[in-house]
Amino acid sequence: MIVLGIETSCDETAAAVVGPGVGGPGQPATAVLSDVIHSQEIHARYGGVVPELASRSHADHVVATARAALDRAGVARPDAVAATAGPGLLGAVLVGLCFGKALAAGWGVPFVGVNHLEGHLLSPLLEAPPPPWPFLALVVSGGHTTLYLARGLGRYETLASTVDDAAGEAYDKVSRMLGLGYPGGPVVDRLADTGRPGAFHLPRPVVRDRDSRAVTLDWSFSGLKTAVRTLLEEHPAAPADDVALAFQEAVVDVLLDRVQRAAAQHGVTDVAVSGGVAANSRLRARLGALHDQGALRVVLPPRSRCTDNGAMIAHAGRLRLLAGQVDPLDLAARASWAPGS
Ligand code: KG4
Ligand code: ZN
């Protein structure tokens, strides 16, 4: 089954075509035939995504992006169309969702609405070798930071999530505090390269259960962001790269702490990481070290597959379609939506 996938939930207009994989042990069941991304540059000058501008830009670019994905795959008419139906900026989601439905109606092929988070969560299955079920799925992006125990398609148990900011959001806010650009993740990541280890230390916040006061697996990133603000107030001359390094070490430490504790608690050592923050060089290096030591078996998609892309939507849609799901053409967009629900 050849599927066209469309993604417009935030500031990336993306489309991709996927089809059957080559098959065989250790090989992904789905192959990516094309993957086209148009990143909206317009938001950089505002220091964050402006929803109305995002919707308008999606409307300007979605047709050409989908056409390019079909052309590069050499496909005139796919067997089905998948589009992100949420969660995300509603006006932005609606552009790709309505376009995807219109294409499916015009071609007379099935349509499926995809949960953006499920797209990220399942994207490591596109790698060779794919993670075997059950696996721990860390989805760490600009809008979400959640650790799932993925038991099978659509069967995701939430083990941990952030009680306030997402990790990517914290990167974006810290970047703004340092007077740097948007998106902040790649800038802070690069800056941390030249920071001096140990120049500053930031807290590793924990979240306690309200009744028992026991430490949970959840994250809190807003305290860390406040700690950076306090550090900058107390040390106005602090070199930005030292601050970036201290912040990044704290983020990576708390992410890996929860993953390792969840792995021990649930006896699951396969870990799949996805979402924009999975492109972070320090997180990737530390995960790679855990993998090499044999502590965890980590599947980490290439950087371009971590940030928003069309392949993850086409892939999740294809798995849903193969499992028998087809959505009606009046499917509504959803601003919030837990994957698997
Ligand atoms: O998955 P994504 O493209 O969009 C959402 O679904 O949110 O993630 C975007 C987020 C942004 O907050 C961006 O700053 C962050 O991922 N990000 C990074 C890196 N590259 C992107 N964070 C840390 N290090 C990076 N290298
Ligand atoms: Zn995303």
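Basis of the calculations
Residues numbered from 1 in each chain as written. Chains lettered and ligands numbered in written order. Predicted model: local features only at pLDDT ≥ 70, side-chain atom pairs only at ≥ 80, totals over all residues. Heavy atoms only, no water. Helix = DSSP H or I, 4+ residues; strand = E, 2+ residues; numbered from the N terminus. Rg over C-alpha atoms; globule rule 2.2 N^0.38 Å. Buried < 20%, exposed > 50% of the residue type's maximum accessible area, 1.4 Å probe, protein only. Contact = heavy atoms within 4.5 Å. Areas by Shrake-Rupley, 256 points an atom, 1.4 Å probe, with all protein chains shown as cover. Lys, Arg positive; Asp, Glu negative; His and termini not counted. Charge placed at Lys NZ, Arg CZ, Asp CG, Glu CD. Core = buried A, V, L, I, M, F, W, Y, C linked by side-chain atoms within 4.5 Å. Pairing = 2+ DSSP bridges. Axes fitted to C-alpha atoms, helices over the stretch in contact; angles between N-to-C directions. Donors = N, O, S within 2.8 Å, 3.2 Å for Na, K, Ca; no water. Tetrahedral: all angles 85-135°; square planar, octahedral: opposite > 155°, others 65-115°. Near = heavy atom within 4 Å. Polar contact = N/O pair within 3.5 Å; in protein donor to acceptor, adjacent residues only side chain to side chain. 1 Å grid on protein atoms, 1.4 Å probe; cavity = no way out; pocket = protein on both sides within 12 Å on 5 of 7 lines; lining within 4 Å. Sits in = over half its atoms within 2 Å of the grid points. Nonpolar A, V, L, I, M, F, W, Y, C, P; charged D, E, K, R; others polar. Domains from an automatic or database assignment. Buried area = accessible area lost by both parts, 1.4 Å probe. Salt bridge = Lys/Arg side-chain N within 4 Å of Asp/Glu carboxyl O.

Draft legend 1. Spotlight on the overall build of the chain. Per the secondary structure count, the chain includes ten helices and ten strands. Over its C-alpha atoms the chain spans a radius of gyration of 20 Å, differing by no more than 12% from the 20 Å that the globule rule assigns to 341 residues. Its C-alpha atoms put the chain at 60 × 45 × 40 Å along the principal axes. Residues classed as buried in the chain amount to 53% of the 341 residues present. Here the contacts in the chain between residues at least 6 apart in sequence split such that 73% fall between residues at least 24 apart. Counting only carbon and sulfur atoms, one obtains 53% of the accessible surface of the chain, whose full area is about 14,000 Å². Distance between charge centroids for the chain: 2 Å, based on 29 positive and 33 negative side chains.

Draft legend 2. Quick look at the nonpolar core. In this structure, Leu136, Leu202, Phe221 and Phe247 are the most contacted members of the largest nonpolar core, which totals 50 residues. Looking at which element gives the most residues to this core, the answer is helix α7 (residues 240-266), with 14 residues. For Phe221, the residues in contact, after removing those within four places along its chain, are Thr145, Thr162, Asp164, Asp165, Ala166, Ala167, Ala170, Val251, Val254 and Leu255.

Draft legend 3. Region of the structure containing the sheet that holds strand β6 (residues 135-140). The strand order across the open sheet built from five strands is β8-β7-β6-β9-β10, with neighbouring strands paired in mixed fashion. Two strands lie at the open edges of the sheet, namely β8 (155-161) and β10 (297-299), each paired on one side alone. In this sheet, adjacent strand axes meet at a mean angle of 25° when their direction is disregarded. Examined bridge by bridge, β6 and strand β7 (residues 145-152) share six bridges and lie antiparallel to one another.

Draft legend 4. Examining the coordination of the zinc ion (ligand 2) more closely. The protein atoms that coordinate the zinc ion (ligand 2) are His116 (NE2), His120 (NE2) and Asp308 (OD), at distances of 2.0 to 2.1 Å. Coordination at the zinc ion (ligand 2) is irregular, judged from the four donor atoms that bind it and the angles of 94 to 141° they form at the metal. All donor residues of the zinc ion (ligand 2) come from one chain, and their arrangement in sequence is H-x3-H-x187-D. Of the two residues, His120 sits in helix α3 (residues 116-122) while Asp308 sits in the loop between α9 (303-306) and α10 (310-322), which places them 188 residues apart along the sequence. Taken individually, His120 and Asp308 each receive the classification buried, so the pair is uniform in this respect.

Draft legend 5. Layout of the site of ligand 1. Around ligand 1, the structure places 20 residues, and the nearest of them are Gly142, Asp172, Gly185, Asp189 and Asp308. Backbone polar atom of Gly168 to an oxygen atom of ligand 1: 3.1 Å apart, as the coordinates give it. In a pocket analysis with a 2 Å cut-off to the grid points, ligand 1 is assigned to the largest pocket. At four residues, helix α5 (residues 184-192) tops the list of elements feeding residues into the shell around ligand 1. Taken together, the residues that form the shell around ligand 1 break down as five nonpolar, twelve polar and three charged. Each of domain 1 (3-123 + 306-322) and domain 2 (130-300) accounts for three or more of the residues forming the shell around ligand 1.

Draft legend 6. Molecular detail of the domain arrangement of the chain. Domain annotation for the chain reports domain 1 (3-123 + 306-322) and domain 2 (130-300). For domain 1 and domain 2, the distance between their C-alpha centroids amounts to 26 Å. Domain 1 puts 20 residues into the contact, and the matching count from domain 2 is 19 residues. Where domain 1 abuts domain 2, roughly 1,500 Å² becomes buried across the two surfaces, and 72% of that area is made up of carbon and sulfur atoms. Its largest share of buried area at the contact with domain 2, domain 1 owes to Leu117, Leu121 and Cys306, together 41% of the area lost on that side. Here domain 1 is connected to domain 2 by zero salt bridges. Joining domain 1 to domain 2, the criterion identifies five residue pairs in polar contact (both at pLDDT 80 or more). Every element with two or more residues in the side of domain 1 that touches domain 2 is listed here: α3 and α10. Examining the composition of the side of domain 1 that touches domain 2, we find that five residues originate from one element, α3, more than from any other. Residues belonging to the side of domain 1 that touches domain 2 are distributed by class as follows: nine nonpolar, eight polar and three charged.

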